[in-house]
Amino acid sequence: MALISSNFIYIKSSDSPLLFPFVSSLNSYNVHVKSNRNSEVGTCRSRRRSVIRAAKTDSLVPLENPLSTSGNSALEQLDIERGVCVPFRKYSPELVRSKVFESRGTILSLIGRGVEIVWKLGLYWSALMYDFLVGRDEEVVPFRARQLRNLLCDLGPSFIKAGQVLANRPDIIREDYMNELCILQDDVPPFPNQVAFNIIEEELGQPLEAVFSKISSKTIAAASLGQVYRATLRATGEDVAIKVQRPEIEPIIYRDLFLFRTLASFLNGISLQKLGCNAELILDEFGEKLLEELDYTLEARNIEDFYENFKNDPTVKIPRVYKKLSGRHVLVMEWIDGIRCTDPQAIKDGGIDVNGFLTVGVSAALRQLLEFGLFHGDPHPGNIFAMRDGRIAYVDFGNVAVLSQLNKQILIDAVVHAVNEDYAEMANDFTRLGFLAPGTDVSPIIPALEAIWQNSLGKGLSDFNFRIVTGKFNQLVYNYPIRIPERFSLVIRSLLTQEGICFTLKPDFKFLEVAYPYVAKRLLTDPNPALRERLIQVLFKDGIFQWKRLENLIILAKENVAKMSSNPALQGNNMPKSIERRVERKLDLTDTIKDGTRLFLIDEGIRRQLILALTEDSKLHVQELVDVYRLLEDQIDIPSIALQVLQDLPSVARDAMLSWSTSVLSDR
């Protein structure tokens, strides 16, 4: 029997069965992979229970044949760009077609929906053409942008999602329209409680009262794809959030995706000219991500992956998922009792240290992007909570993105090229990441990249602003045939959104003053061989050792360690001892010094470069060595490091002999 209160439906039952759930330079300093979520080309994405380190100008002309219009070819190209293959794909043009045509009345439904879409979009396009012909196209942009946002809302959930994607695609629409679509709301009226409860019972295979002692009588949130309730588990008394998918949403999504792709086939010529790829490729990226959001079993796995990644991080809270209570249409997860970042005053009133919280948030975001390669694709203020102990909590993991090890290594290359001001290679990195079609002549964008980078650096660290830099980058991609791959549009949105949260909570907060020290520490301490190689490239420019860069890296890395070790979120008495021991109090360069010693003894090229660095300009650079030592003397234990280097000498000697014998044999 259910007792209705103002906020909850209390359910009584005698039964209690037990059932349980930077396109910027920052992107480049990634990444030790312990177990890749997405591995290199030729291998497939796998789930694991270990840590997951995981009208434009024609001056750019693709020199090779563009992507085929074949759906399979487009998806294969996406896999190559991402550095992964997907063995169990949720989306393909053939699958969408078969889903659409498996029910009766399909033809009439498609014709009716197609006419509605073409009519409404056609009227909007006609209005734009009229504005252009009468010469008022610029002055009415704000009105037309609002009109587009309302039109997408009117056309339903598929178009709402499409609008949210377009809000991060400067390669497709101009910036003023993007800004309007950024406020596109996903909120829609909730569907009836009884319908939602029936879906939950069908997914659980048993009555609600058998699992939950109470459930909220009103939705906590309602969106185009589903809605959320708060409930209490009967077996344990734990509060949980229940996410329920909107009924009959899948056929609507499949139908619209089929029509989208049909319309996209007529736009391939324009897309090839403007973006260097087929419109169908862009649609396939969108469709794949949308269908992944519809499957709550994937979201449950995303939550588990995030939970594994951050399980030893005392500054981040990830909700537990109750997989035995979850399915394709229902997701049950731990209830997060925190303060939403949409309410900055409540955060301040709650006695939370704002500086500490923002430092934790930036560090958590950078770990997702640069360490794990798995990041939250929609970290808007409603999906981020401030816990009262200073931790940051994330919810809503339906939209996540993955950077493969290959992509991360290219991003590392890109930042090294930026630091060394090698803009030609930066432009080539764009091609390797999928921004430009293979074989495209990159020479026209080299001066533009140089101008963007130089202007950004000219402002200095304290004045650096991602939104300003992104605005300049948006102009670049709008004026050249550059396509922003979906995963990188999510990276840009993630960084911009989190910078915006920082500015909301503290208008004078300097995002890069937290970000750069984190990156410097990873660059100096990460044992990943690829990152070691990039560190060498950063420290040497034109064959000359950059002593000042090394000093700056050490200063920034020490700053990161000091900020994190003194963070209020790490001062709680309830922090487990196993995690407390992992909190870094000093900059640990033991592995870096050991690797450097090994390289010096084994690698003739590195040995020659370091000797030249100490003797360049016909003088011994003893003072530089002294300056570096003074920066590190309070951070390192010289006797301990010396002992470890000595213990490692037999292995180093063996490798040196192998290297010497190999060089002798190669000479012969």
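Refer to the structure presented above.
Everything numeric here is computed off the predicted structure, so don't read it as measured data. Think of each chain on its own: its residues are numbered from 1, step by step along the sequence as written. Reporting in this predicted model follows two pLDDT cut-offs: at least 70 for local features of residues, and 80 or more for side-chain atom pairs to be given and counted; totals over whole chains, interfaces and linings ignore these cut-offs and use all residues. Side-chain metrics rest on all non-hydrogen atoms present in the structure, leaving aside hydrogens and water.

### What to know about the overall build of the protein chain
Line of reasoning, step 1. The helix and strand inventory of the protein chain stands at 28 helices and 15 strands.
Line of reasoning, step 2. Accessible area is worked out with a 1.4 Å probe on protein chains only. A residue is then buried under 20% of its type maximum, exposed over 50%, and partly exposed in between. Taken across its 668 residues, the protein chain has 52% of its residues classed as buried. Going along the chain from the N terminus, every DSSP run of H or I of four or more residues is numbered as a helix, and every run of E of two or more is numbered as a strand.

### Thoughts on the side chain of Asp-295
Line of reasoning, step 1. Looking at the element boundaries, Asp-295 is found in the loop between α11 (279-294) and α12 (296-310).
Line of reasoning, step 2. Taking relative accessible area as the criterion, Asp-295 reaches 2% and is therefore assigned buried.
Line of reasoning, step 3. Contact between two residues is taken to exist if any of their heavy atoms lie within 4.5 Å; hydrogens are not considered. If we ignore the near neighbours within four places in the chain, the residues touching Asp-295 are Lys-90 and Arg-328.

### Here we look at the sheet that holds strand β9 (residues 339-340)
Line of reasoning, step 1. Here, a strand pair is defined by DSSP locating no fewer than two bridges between the strands. Sheet architecture is open: four strands sit in the order β7-β12-β11-β9, paired in mixed fashion. Two strands close off the open sheet at either side, each with one partner strand: β7 (316-317) and β9.
Line of reasoning, step 2. In terms of strand pairing, strand β11 (residues 384-386) meets strand β12 (residues 392-394) through three bridges, oriented antiparallel. Across the sheet, residue Ile-384 finds its bridge partner in β12, namely Tyr-394.

### Focus on helix α14 (residues 354-372)
Line of reasoning, step 1. Here, expected helix span is obtained from the residue count minus one, scaled by 1.5 Å. Compared with an ideal rise of 1.5 Å per residue, which puts 19 residues at 27 Å, α14 spans 26 Å between its outermost C-alpha atoms and is within 8% of the ideal.
Line of reasoning, step 2. A residue's bend is the angle separating two fitted axes: one through the seven residues that end there, the other through the seven that start there. Along its length, α14 shows its largest kink, about 25°, at Leu-366.
Line of reasoning, step 3. Most of α14 is tucked away: 18 of the 19 residues are buried.
Line of reasoning, step 4. The opening residue of α14 is Asp-353, an N-cap whose side-chain oxygen sits 3.4 Å from the backbone nitrogen of Asn-355.
Line of reasoning, step 5. Just past α14, the residue Gly-373 takes up positive phi, approximately 70°. For the purposes of these results, a polar contact is taken to be a pair of N or O atoms within 3.5 Å, where, inside protein, one atom must be able to donate a hydrogen and its partner to accept one; residues adjacent in sequence count only when each atom of the pair is a side-chain atom.

### With respect to the packing of aromatic side chains
Line of reasoning, step 1. Centre distance within 6.5 Å is the pairing criterion for rings of Phe, Tyr and Trp, where only the six-membered ring of Trp is used; planes under 30 degrees apart are then read as stacked, over 60 as edge-to-face, and the remainder as tilted. Taken as a whole and judged by the stated rule, the model has eight aromatic pairs.
Line of reasoning, step 2. Look at Phe-159 and Phe-260: their rings are 4.8 Å apart centre to centre, the planes differ by 85°, and that puts the pair in the edge-to-face class. Of this pair, Phe-159 sits in helix α5 (residues 157-166) while Phe-260 is found in helix α9 (residues 249-265), placing the two residues 101 residues apart along the sequence.
Line of reasoning, step 3. Judged by its relative accessible area of 4%, Phe-159 is buried.
Line of reasoning, step 4. Of the residues examined, Phe-260 reaches a relative accessible area of 11% and is grouped as buried.

### Some details on a nonpolar patch on the surface
Line of reasoning, step 1. On the surface, a cluster of nonpolar side chains totalling about 620 Å² of accessible area is made up of Phe-101, Ile-107, Ile-111, Val-115, Trp-119 and Leu-123.
Line of reasoning, step 2. By the element assignment, Trp-119 lies in helix α3 (residues 106-133).
Line of reasoning, step 3. Residue Trp-119 is classed as exposed on the basis of its relative accessible area of 58%. Patch definition: residues with relative accessible area over 30% and no salt bridge; like charges joined within 9 Å; nonpolar side chains (Val, Leu, Ile, Met, Phe, Trp, Tyr) joined within 5 Å. Reported accessibility uses the Shrake-Rupley method at a 1.4 Å probe radius. Residues are deemed covered only where the shown protein chains occlude them. Salt bridge, as applied in this entry: a Lys or Arg side-chain nitrogen positioned within 4 Å of an Asp or Glu carboxyl oxygen.

### Here's the deal with the packing of helix α21 (residues 529-539) against helix α22 (residues 547-565)
Line of reasoning, step 1. The axes used here are C-alpha line fits, helices contributing only the stretch in contact, and every angle between their N-to-C directions lies in the interval 0 to 180 degrees. For the pair α21 and α22, interaxial distance at closest approach is 8 Å and the crossing angle is 125°. Considered as vectors, α21 and α22 are oriented oblique to each other. Mapping the contact onto sequence places Leu-535, Val-538 and Leu-539 in α21 and Arg-549, Leu-550 and Leu-553 in α22.
Line of reasoning, step 2. Residue type decides the class: Asp, Glu, Lys and Arg count as charged, Ala, Val, Leu, Ile, Met, Phe, Trp, Tyr, Cys and Pro as nonpolar, and the leftover types, Gly among them, as polar. Its residues placed into classes, the contact of α21 with α22 shows five nonpolar, no polar and one charged. Put simply, angles under 35 degrees are roughly parallel, angles over 145 are roughly antiparallel, angles from 65 to 115 are roughly perpendicular, and the rest are oblique.

None of this, on its own, says anything about what the molecule does.
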